[in-house]
Amino acid sequence: MIKVISGEKGTGKTKIMLDSVNESAKTAKGNVVFIQQKRANSTGIDFNVRCIYTEEYSVNGVCGLIGFVDGLMAGNSDIEYIFIDGILRIAECEVGELEAFAKEANKLSAEYGVKFVLTVSCATEALPSFLA
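What counts, and where the lines are drawn
Residues numbered from 1 in each chain as written. Predicted model: local features only at pLDDT ≥ 70, side-chain atom pairs only at ≥ 80, totals over all residues. Heavy atoms only, no water. Helix = DSSP H or I, 4+ residues; strand = E, 2+ residues; numbered from the N terminus. Rg over C-alpha atoms; globule rule 2.2 N^0.38 Å. Buried < 20%, exposed > 50% of the residue type's maximum accessible area, 1.4 Å probe, protein only. Contact = heavy atoms within 4.5 Å. Lys, Arg positive; Asp, Glu negative; His and termini not counted. Charge placed at Lys NZ, Arg CZ, Asp CG, Glu CD. Polar contact = N/O pair within 3.5 Å; in protein donor to acceptor, adjacent residues only side chain to side chain. Expected span 1.5 Å × (residues − 1). Arc of directions from axis to C-beta. Phe/Tyr/Trp six-rings, centres within 6.5 Å; stacked < 30°, edge-to-face > 60°. Lys NZ or Arg CZ within 6 Å of the ring centre and 35° of its normal.

(A) Representation of the overall build of the protein in the model. Counting its regular elements, the protein contains four helices and five strands. When its helices and strands are written in sequence order, the protein yields β-α-β-β-α-β-α-α-β. At 14 Å, the protein has a C-alpha radius of gyration in line with the 14 Å of a compact globule built from 132 residues. Evaluated residue by residue, the protein yields a buried proportion of 48% over its 132 residues. Long-range pairs, those at least 24 residues apart, make up 68% of the contacts in the protein with a sequence separation of at least 6. Considering the protein, the positive charge centre built from 13 side chains and the negative charge centre built from 17 side chains are found 5 Å apart.

Structure follows, in structure tokens:
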């Protein structure tokens, strides 16, 4: 399952995501992972959530992000939620270029039951069908 929180820059997507991260941390039976590019907005996150900052791991492009997420799952198949804030910034791409990531996320969701929540900086009506 992929849930997308979309909207133009400055519309409060990160705040919505952080609320969802903390709520998931309270109810999840498995692990909760929060991924963002830089160390910001991580105050107030439940201490049980694993925060990962991609600037510390040389994550580049969509393929790099796919490999990074696959590596997380290989190291810990008990992950129940993966939240990715600012996926377009992390993957250094446009929204239409996320199809390979969406396919991999759906595959991991089917195999391991992991739920993905992404923030995407674009209008909801501009989301491609594979994310809508």
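(B) Structural detail: the environment of K13. By secondary structure assignment, the location of K13 is in helix α1 (residues 13-27). Remark: the alpha-carbon pair of K13 and D85, spanning 72 residues in sequence, is separated by 8.5 Å. In this structure, K13 is in contact with I5, S6, G7, E8, T119, V120 and S121, ignoring residues within four places of it in sequence. A distance of 3.2 Å separates a polar side-chain atom of K13 from the backbone oxygen of G7. A polar atom in the side chain of K13 sits 3.0 Å from the backbone oxygen of E8.

(C) Quick peek at α1. With 15 residues, α1 extends 21 Å between its outermost C-alpha atoms, agreeing within 8% with the 21 Å of an ideal straight helix rising 1.5 Å per residue. Inspection of α1 places K13, M17, L18, V21, N22, S24 and A25 among the buried residues, and these make up the whole buried set. Buried residues of α1 fall within an arc of 160° about the axis and therefore sit on the same side. Facing away from the buried side of α1 by over 90 degrees, the exposed positions are K15 and K26. Tucked inside the fold, the buried residues of α1 contact β1 (2-7), β2 (31-36), β4 (79-84) and β5 (115-121).

(D) Spotlight on the side chain of S6. Position of S6 among the secondary structure elements: in strand β1. Separated by 2.7 Å, the side chains of S6 and T124 make a polar contact. In contact with S6, other than residues within four places in its own chain, are K13, V120, C122, A123, T124 and L127.

(E) Examining the packing of aromatic side chains more closely. Summed over the entire model, instances satisfying the criterion amount to three aromatic pairs. Relative to F83, the ring of Y81 has its centre 5.8 Å away and its plane inclined at 20°; by these criteria the two rings are stacked. Of the residues examined, Y81 reaches a relative accessible area of 15% and is grouped as buried. Given the relative accessible area of 0%, F83 is considered buried. Geometrically, the ring pair formed by F101 and F116 is edge-to-face, given 6.1 Å between the ring centres and 90° between the ring planes. One end of the pair, F101, is in helix α4 (residues 99-112); the other, F116, is in strand β5, and 15 residues separate them in sequence. The same class applies to F101 and to F116, which are both buried. The cationic tip of K115 hangs over the ring face of Y81; the distance from NZ or CZ to the ring centre is 5.1 Å.

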